[in-house]
Amino acid sequence: MSVVAPASSDPVAWLRRRSRLSVFEIVFWLAMLLPFFFFPTYLTLASQVAITALFAISVDLILGYAGIVTLGHAMFFGLGAYVAGLLSARLGWGEPISGLLIAGAFAGLVGFVASYLIVRVQHMALLMVTLGLGFLTYELANAMTWLTGGTDGLSGVNTWPIFNHFRFDLWGYTAYSYSLVVLLLGFLISRRIVNSSFGLALRGIRENVRRMPAIGSEHRWHLQKVYTISAAMAGVAGALLTQSTNTVALEVLSFQRSADVVVMLILGGTGRLYGAILGSIIFLLVRDQAAGLNPQYWYFWIGLLLMIVVLFLPKGILGGLSRLVRRNG
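Residues numbered from 1 in each chain as written. Predicted model: local features only at pLDDT ≥ 70, side-chain atom pairs only at ≥ 80, totals over all residues. Heavy atoms only, no water.

1. Looking at the pattern of salt bridges
Here is step 1 of the chain: Summed over all chains, the structure comprises 3 salt bridges.
Here is step 2 of the chain: In this structure, glutamate 25 and arginine 191 form a salt bridge, with 2.5 Å as the shortest nitrogen-oxygen distance. With glutamate 25 in helix 2 (residues 23–31) and arginine 191 in helix 9 (residues 173–194), this pair connects stretches of sequence that are 166 residues apart. Each member of the pair glutamate 25 and arginine 191 is classed as buried.
Here is step 3 of the chain: Arginine 206 is the salt-bridge partner of glutamate 207, the closest N and O atoms lying 3.0 Å from each other.
Here is step 4 of the chain: In this structure glutamate 207 comes out as exposed when scored by relative accessible area, which is 52%. (Salt bridge = Lys/Arg side-chain N within 4 Å of Asp/Glu carboxyl O. Helix = DSSP H or I, 4+ residues; strand = E, 2+ residues; numbered from the N terminus. Buried < 20%, exposed > 50% of the residue type's maximum accessible area, 1.4 Å probe, protein only.)

Written out as structure tokens, the structure is:
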């Protein structure tokens, strides 16, 4: 759905107003603190939800707003995870904040290089290119056992306490607090991006890339920039996973992770940011409960839920709720 600023208003002021948090959004973020008080035994799962939500937001930036279809974004998530792990395991540097920034910067750099290829293909070719890049990275990490540990995973990761004070505990209090703060920062940055002239240009590219050059828009450069930002954010999410668990498994680069995050966006609703968060919450909660019932066939329930959403809520759960509110309003 395109967003048009009123002709009588200042476009810059209008965009700034859209980037501010509403009362309902503040309530939503306050509700994210509830696990500390009511579900303390689920804080480890809650931290995984926050990390996955940040990863989903990074994919939503390129899929929901720029129209870049990808099935290989776990490449950047995994790169961030391995960089954070290697800093600790191989170089002995386990400081979390700097490790997060270094991992994000490295993933962003790789994303910038990959973006030169991404912006030159579309549709099915784009899907195959992203898929191919993901497979190549996975197999490269699998082959470099001397560095990554291969299928055995990277061992020896030790994350230092945050600010030399907040140690990562077994129950997940620090992990969830840390992940939630980073998620909020990532969300605010993404919100500012999509509610800017740059974000409007991305929507224009998504709707009709052929018309953008006619109005003087450097559409390829816009796509490269958002792809780089998305890759960096995915790398930060991967580093968060490493730091909160002190392990790095080859699975962080898997196709399954790339596909799962797309499913989360479809469930929650693409191009909405909050849809990425909602989809992550629903997906991981359903997976946790369904795996408890039957560890082998929990994907059956995910598939069933996905079919219901696609058939009856084609714009995702958040899109369906928005439509319901508009009708009643």
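On we go.
2. Observations regarding unusual backbone geometry
Here is step 1 of the chain: Backbone geometry at phenylalanine 163 places phi at a positive 55°, although glycine is not the residue there.
Here is step 2 of the chain: Along the chain, the position of phenylalanine 163 falls in the loop between helix 8 (145–148) and helix 9.
Here is step 3 of the chain: On the accessibility criterion, phenylalanine 163 (62% relative accessible area) is exposed.
Here is step 4 of the chain: The phi dihedral of asparagine 246 is positive, around 60°, even though this residue is not glycine.
Here is step 5 of the chain: The residue asparagine 246 is located in the loop between helix 11 (219–245) and helix 12 (255–268) in this model.

3. Observations regarding the side chain of glutamine 224
Here is step 1 of the chain: Note on placement: glutamine 224 falls in helix 11.
Here is step 2 of the chain: Residue classification places glutamine 224 among the buried residues on the basis of a relative accessible area of 7%.
Here is step 3 of the chain: Contact partners of glutamine 224, with chain neighbours within four places excluded, come to Phe112, Ser115, Tyr116 and Val119. (Contact = heavy atoms within 4.5 Å.)

4. Let's talk about the packing of helix 5 (residues 74–89) against helix 7 (residues 123–143)
Here is step 1 of the chain: Two elements in contact, helix 5 and helix 7, have axes separated by 9 Å at closest approach and are oriented at 30°. Here helix 7 runs roughly parallel to helix 5, going by the angle between their axes. For the pair helix 5 and helix 7, the contacting residues are Met75, Leu79 and Tyr82 in the first and Leu133, Gly134, Thr137 and Ala141 in the second.
Here is step 2 of the chain: When the residues that make up the contact of helix 5 with helix 7 are grouped by side-chain class, the tally is 5 nonpolar, 2 polar and no charged. (Axes fitted to C-alpha atoms, helices over the stretch in contact; angles between N-to-C directions. Parallel < 35°, antiparallel > 145°, perpendicular 65-115°, else oblique. Nonpolar A, V, L, I, M, F, W, Y, C, P; charged D, E, K, R; others polar.)

5. Quick notes on the packing of aromatic side chains
The description of two aromatic rings rests on the distance between their centres and on the angle between their planes.
Here is step 1 of the chain: Throughout the structure, instances matching the rule amount to 17 aromatic pairs.
Here is step 2 of the chain: Ring centres of phenylalanine 36 and tyrosine 173 lie 6.4 Å apart, and the angle between their planes is 25°; this geometry places the pair in the stacked category. Of the two residues, phenylalanine 36 is situated in helix 3 (residues 34–38) and tyrosine 173 in helix 9; the sequence distance between them amounts to 137 residues.
Here is step 3 of the chain: Relative to tryptophan 301, the ring of phenylalanine 300 has its centre 4.9 Å away and its plane inclined at 85°; by these criteria the two rings are edge-to-face.
Here is step 4 of the chain: Grouping aromatic residues by their ring pairs yields a cluster made of Phe28, Trp29, Phe187 and Tyr274.
Here is step 5 of the chain: Over the face of the ring belonging to tryptophan 298 we find arginine 287, whose NZ or CZ atom lies 5.9 Å from the ring centre. (Phe/Tyr/Trp six-rings, centres within 6.5 Å; stacked < 30°, edge-to-face > 60°. Lys NZ or Arg CZ within 6 Å of the ring centre and 35° of its normal.)

6. Concerning the UniProt feature "transmembrane region" (unreviewed entry) in the protein chain
Here is step 1 of the chain: Under the UniProt annotation, the feature "transmembrane region" (unreviewed entry) is placed at residues 21–39, 45–68, 75–93, 99–119, 126–150, 170–189, 261–286 and 298–318.
Here is step 2 of the chain: The annotated region residues 21–39 carries 74% helix and 0% strand content, and the separation between its end C-alpha atoms amounts to 26 Å.
Here is step 3 of the chain: Strand forms 0% of residues 99–119 and helix 95%; the C-alpha atoms that close the span are 29 Å apart. (UniProt positions renumbered as here; feature names shortened; annotations may be inferred.)

7. Details of the packing of helix 12 against helix 15 (residues 316–328)
Any two packed helices are characterised by how steeply their axes cross, that is the angle between the axes, and by the distance between the axes.
Here is step 1 of the chain: For the pair helix 12 and helix 15, interaxial distance at closest approach is 3 Å and the crossing angle is 10°. The orientation of helix 12 with respect to helix 15, classified from their angle, is roughly parallel. Together, Ile266, Leu267 and Gly268 of helix 12 and Gly316, Ile317, Leu318 and Gly319 of helix 15 make up the contact between the two elements.
Here is step 2 of the chain: Partitioning the contact of helix 12 with helix 15 into residue classes produces 4 nonpolar, 3 polar and no charged.

8. Side note on helix 15
Here is step 1 of the chain: With 13 residues, helix 15 should reach 18 Å at 1.5 Å per residue; the first-to-last C-alpha distance of 19 Å fits that figure.
Here is step 2 of the chain: Every buried residue of helix 15 is listed here: Gly316, Ile317, Gly319 and Gly320. Buried residues along helix 15 cover an arc of 165° about the axis, so they all sit on one side. Exposed side chains of helix 15 directed beyond 90 degrees from the buried face belong to Val325 and Asn328. (Expected span 1.5 Å × (residues − 1). Arc of directions from axis to C-beta.)

9. Considerations on the nonpolar core
Here is step 1 of the chain: Counting residues in hydrophobic clusters, the biggest one holds 77 residues, and the most contacted among them are Phe76 and Leu183.
Here is step 2 of the chain: Residue contributions to this core peak at 14 residues, all from helix 4 (residues 43–65).
Here is step 3 of the chain: Non-local contacts of phenylalanine 76, meaning those with residues more than four positions away in its chain, are made with Ala107, Val110, Gly111, Ala114, Tyr227, Ala231, Ala234 and Gly235.
Here is step 4 of the chain: Listed in part, the 12 residues of the second largest apolar core include Phe283, Trp298, Val309 and Ile317. (Core = buried A, V, L, I, M, F, W, Y, C linked by side-chain atoms within 4.5 Å.)

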